[in-house]
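Fold and geometry: a report
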Amino acid sequence: MGWFGKKRKQADGTLDRASDNGDQRHLVEFINTRTGVEAYVEPKTTVTETTVMLIAHDGEWTRRRVDGPAGAFALGRKHSVPVYEVAKVGYPQRKRDFDARQRVKRQAS
């Protein structure tokens, strides 16, 4: 395919790639190196597969693909991390506060 070719939809109807081992390794590393981590499942859309956002106690966060909501809940059970559906509970304030602090740091430099 050329540089400006159309991106093809996967069989499941999204434009995104599926979760892979690299995604899982990243999530596990984040859980193992932060405290107070909670997981927030983000639903699949027409553009992206199901993702999970991990948020640490200080609001630092990361997002990666997972194998559907069941994959996110399995990750939580395996690593003793509470899992929430973001569509039902929203994101915690500490995530928004972290993002605001990062924005101020970027503007100052």
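Everything below is about the structure printed above this text.
Every value quoted in this text rests on a predicted model; they were computed, and no experiment measured them. (Residues numbered from 1 in each chain as written. Predicted model: local features only at pLDDT ≥ 70, side-chain atom pairs only at ≥ 80, totals over all residues. Heavy atoms only, no water.)

Here we look at the pattern of salt bridges
So the rule is basically this: Salt bridges are defined by distance alone: a side-chain nitrogen of Lys or Arg within 4 Å of a carboxyl oxygen of Asp or Glu. Strands are runs of DSSP state E lasting at least 2 residues, helices are runs of H or I lasting at least 4, and numbering of each runs from the N terminus. Accessibility here uses a 1.4 Å probe with only protein chains present; expressed as a share of the type maximum, an area under 20% marks a residue as buried, one over 50% as exposed, and anything in between as partly exposed.
Taken as a whole and judged by the stated rule, the model has 5 salt bridges. One salt bridge in this structure joins Glu60 and Arg34, with 2.9 Å as the shortest N-O distance. Of the two residues, Glu60 is situated in the loop between strand 2 (51-55) and strand 3 (61-65) and Arg34 in the loop between helix 1 (21-33) and strand 1 (38-42); the sequence distance between them amounts to 26 residues. Relative accessible area serves as the criterion here: at 27%, Arg34 is assigned to the partly exposed category. In this structure, the salt-bridge partner of Glu38 is Arg94, at a minimum N-O distance of 2.8 Å. One end of the pair, Glu38, is in strand 1; the other, Arg94, is in helix 4 (residues 93-108), and 56 residues separate them in sequence.

Some remarks on helix 4
Note: α-helices contain 3.6 residues per turn, so residues at a spacing of three or four share the same orientation. Inclusion rule: Here the expected span of a helix is defined as 1.5 Å times the quantity of residues minus one. Residues count as neighbours in contact if any of their non-hydrogen atoms are within 4.5 Å of one another.
Taking 1.5 Å of rise per residue, the 16 residues of helix 4 would be expected to cover 22 Å, and the 23 Å separating its terminal C-alpha atoms lies within 8% of that figure. Looking at the buried positions of helix 4, the neighbouring elements they touch are strand 2 and strand 3.

Some thoughts on the environment of Pro69
Its place among the elements puts Pro69 in helix 2 (residues 68-79). The exposure class assigned to Pro69 is partly exposed, which follows from its relative accessible area of 46%. Along the primary structure Pro69 and Thr51 are separated by 18 residues, whereas in three dimensions their C-alpha atoms are 8.2 Å apart. Every residue in contact with Pro69, bar those within four places of it in the chain, is listed here: Val41 and Thr50.

Topic: the nonpolar core
Heads up, the rule is: Nonpolar cores are built from buried Ala, Val, Leu, Ile, Met, Phe, Trp, Tyr and Cys residues. Side-chain atoms within 4.5 Å join them into one set.
Judged by nonpolar contacts, the single largest core of 14 residues is most densely connected at Leu27, Ile31, Val37, Ala39, Val52 and Leu54. Residue contacts for Ile31: discarding those within four places in its chain leaves Val37, Leu54, Leu75, His79 and Val81.

Quick notes on the environment of Ala72
Locating Ala72 in the fold gives a position in helix 2. Judged by relative accessible area, Ala72 falls into the buried class, the value being 1%. Between the C-alpha atom of Ala72 and that of Val83, which follows or precedes it by 11 residues, the distance is 7.4 Å. Each residue touching Ala72, except ones within four places of it in the same chain, is listed here: Val41, Val52, Val66 and Val83.

Structural notes on the packing of aromatic side chains
Here is the rule: Aromatic pairs are defined between Phe, Tyr and Trp rings, using the six-membered ring for Trp, whenever the two ring centres lie within 6.5 Å; interplanar angles under 30 degrees are classed as stacked, those over 60 as edge-to-face, and all others as tilted.
Applying the stated criterion across every chain, the model contains 2 aromatic pairs. Ring centres of Tyr40 and Tyr84 lie 5.3 Å apart, and the angle between their planes is 35 degrees; this geometry places the pair in the tilted category. Residue Tyr40 is located in strand 1, and its partner Tyr84 is located in strand 4 (residues 83-85); the two are separated by 44 residues in the primary sequence. Within the aromatic cluster, the residues linked to one another by ring pairs are Tyr40, Tyr84 and Tyr91.

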